[in-house]
Amino acid sequence: MNYFRYSGDTLACEDVDIERLAQKYGTPLYVYSLGTIKRHYRVFDGAFEGIDHLVCYAIKANPTLALIYLLAKMGAGADIVSKGELLLALKAGIPADRIVFSGVGKTPEEIKAALEVGILMFNVESLSELEVIADVAGRSGKKAPVSFRVNPDVDPKTHPYVATGLKTSKFGIPMGSALEAYKRAMQLPSLEIVGIDCHIGSQLINLGPIKEAMLRLKALLSELKALGTKLRYLDVGGGLGIRYDQEEPPEPSTYAETIQAALRGIESKESAKQTLILEPGRVIVGNAGILVTRVLYTKSQEGKRFVVVDAGMNDLIRPALYGSFQRIEKVKKTGAPVQKADIVGPVCESGDFFAKDREIEGVQEGDLLAIFGAGAYGVSMASNYNMRPKPAQVGVLGKGEALLSKRQTFEELIQDEVVPMALLEEKEGVQP
Ligand code: LLP
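Sequence order sets the numbering: in each chain, residues are counted from 1 along the sequence as written. Local features in a predicted model are, by the rule used here, given only for residues with pLDDT of at least 70; side-chain atom pairs are given and counted only at 80 or more, and totals for whole chains, interfaces and linings are based on all residues. The basis for every side-chain value is the complete set of non-hydrogen atoms in the structure, without hydrogens or water.

Quick notes on the pattern of salt bridges
Salt bridge, as applied in this entry: a Lys or Arg side-chain nitrogen positioned within 4 Å of an Asp or Glu carboxyl oxygen. All told, the structure shown has 19 salt bridges when counted by the stated rule. One continuous salt-bridge network, built from bridges that share partners, spans Arg20, Lys24 and Glu401.

Quick look at the site of the ligand
The near set for a molecule or strand comprises every residue that places at least one heavy atom within 4 Å of it. Around the ligand, 19 residues are found, and the nearest of them are Ser202, Glu279, Arg318, Tyr322 and Tyr377. Here a polar contact means two N or O atoms within 3.5 Å. Within protein one must be a hydrogen donor candidate and the other an acceptor candidate, and residues neighboring in sequence count only if both atoms are side-chain atoms. Contact between the ligand and Arg282: an oxygen atom at 2.8 Å from a main-chain N or O atom of the residue. Here Tyr322 contributes a side-chain N or O atom positioned 2.6 Å from a nitrogen atom of the ligand. All accessibility values rest on the Shrake-Rupley procedure with a 1.4 Å probe; residue burial counts only the protein chains present in the view. About the coverage of the ligand: the protein hides 91% of its 580 Å² of free accessible area. Using only the protein atoms, space was sampled on a 1 Å grid; points where a 1.4 Å probe fits but cannot get out form cavities, open sets with protein on both sides within 12 Å along at least five of seven lines form pockets, and lining residues are those with an atom within 4 Å of a point. Being in a pocket or cavity means that more than half of the molecule's atoms lie within 2 Å of its grid points. When atom positions are compared with the pocket grids, the ligand is found to occupy the largest pocket. Partitioning the shell around the ligand into residue classes produces six nonpolar, seven polar and six charged. Nonpolar residues are Ala, Val, Leu, Ile, Met, Phe, Trp, Tyr, Cys and Pro. Charged residues are Asp, Glu, Lys and Arg, and all others, Gly as well, are polar.

With respect to a nonpolar patch on the surface
Nonpolar side chains (Val, Leu, Ile, Met, Phe, Trp, Tyr) within 5 Å and like charges within 9 Å form the patches, drawn only from residues with over 30% relative accessible area and no salt bridge. Side chains of Val419, Met421, Leu423 and Leu424 sit close together on the surface and give an oily, nonpolar patch of about 450 Å² of accessible area. The exposure class of Met421 is partly exposed, given its relative accessible area of 49%. Exposed residues in this analysis have more than 50% of their type's maximum accessible area, buried residues have under 20%, and partly exposed residues fall in between, with area computed by a 1.4 Å probe over protein chains only.

As for unusual backbone geometry
Put simply, Thr27 and Pro28 share a cis peptide bond, and its omega is -10 degrees. Mapped onto the fold, Pro28 is located in the loop between α1 (18-25) and β4 (29-33). Look at Gln203: it is not a glycine, yet its phi comes out positive at around 55 degrees. Only DSSP runs of H or I reaching four residues or more are called helices, and only runs of E reaching two or more are called strands; each is numbered from the N terminus. Summarising the element assignment, Gln203 is placed in the loop between β11 (191-197) and α8 (207-227). Of the residues examined, Gln203 reaches a relative accessible area of 11% and is grouped as buried. Of note in this structure, Asn386 is not a glycine but carries a positive phi near 65 degrees.

Quick notes on helix α4 (residues 83-91)
Every buried residue of α4 is accounted for by Glu85, Leu86 and Ala89. Looking down the long axis of α4, one finds its buried residues gathered within 105 degrees of arc, a one-sided arrangement. The secondary structure elements touched by the buried residues of α4 are β6 (77-80), β7 (99-101) and α5 (108-117). Taken from the residues just after α4, Gly93 is the one with a positive phi, measuring 100 degrees. To obtain the arc, one takes the directions from the helix axis to the C-beta atoms. Only heavy atoms enter the contact rule, under which two residues are in contact if any of them lie within 4.5 Å.

In structure tokens, the structure reads:
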């Protein structure tokens, strides 16, 4: 469910014409429906109504400040993976005690920063990291709240790059080592064990693997209880999938029921006071954003038709990186006959495509195209490859629209560069 609709022949985001936005701000342009984000957050959060829970939005999905601000106002916490995301979450108004810190490679500096502001917990991914957290906390006279990210070894049946719950993945600690890890943590006085965490992957469409992971987590929880740990938080990660093409992802309510049903039992026994933590990213913002791009050229060669657009893999890398499907439509439908074409960007790589052999209503040079499902892992994975500036971003709410970030300028792209003259100037007679 999202608020991108054709009104007559023309695509609108809520009550604002996409064509008008493209004219005003130029292309490529990210356009977000803020109403859709609000709705997604409400529906997701509402699915867990009645149980003690906290929705920690996974900032990596889309780190645009205004969007996080919007979610913060609705009560969201944050799932972060770097100091940058920590500072961003705080700047957007998310209270520190609603922030969970995930990721396999937290540096001592990042750990210190998170400790200083008093985050909710560190999701620890290795014993070495545990020791570093204990050390940093000990030296700053603090107690670090920790939980272990355990790897339940289930196949989430998603793209291999975003599957994280298999035992061969770099994430978390194996289930079989969890008891030892908790025992070690119990020996370290600068740590407070507060929870347990798992995240099996992203773009999950099947509930089976989620259920399986929860059941394994539940079994581990009873063993941990026997150790004498008192876990306040049960973090089940993010990963709920969305519809890009023909997928039929579960509704948040079904997802919530599956989790609750699998965990039932521990709730009634030792953990009535346990708070469930969710880390959704894609399901909140994915279908709330589109990338608007203009057709630069069309060409036909060797029996193939190419539509060259002004957005590239640097703006939205998902098709190039994962071979992922993104729906693409003309912003203004003309009724032209459908043609098969490769929709490609200007970047100097054959991998720079948005669609291959895609059937799309005949396009002409100058037409605008909307690439749907670009709200998550679009701008967050954008780069300056080929010295291309990051696109502008606009937010729409009802009839209102506003710039959320402006297009980068050439000066901004090179502002941190230095030309070390003394090093580069060749001196007479000095051999390298
Ligand atoms: N929590 C943790 C620990 C994660 O690693 C992730 C995503 C999330 C939560 C949020 O997952 P979500 O609800 O958004 O699925 N770039 C890829 C997705 C990478 C996901 C990385 N981790 C893509 O474009 O499909």
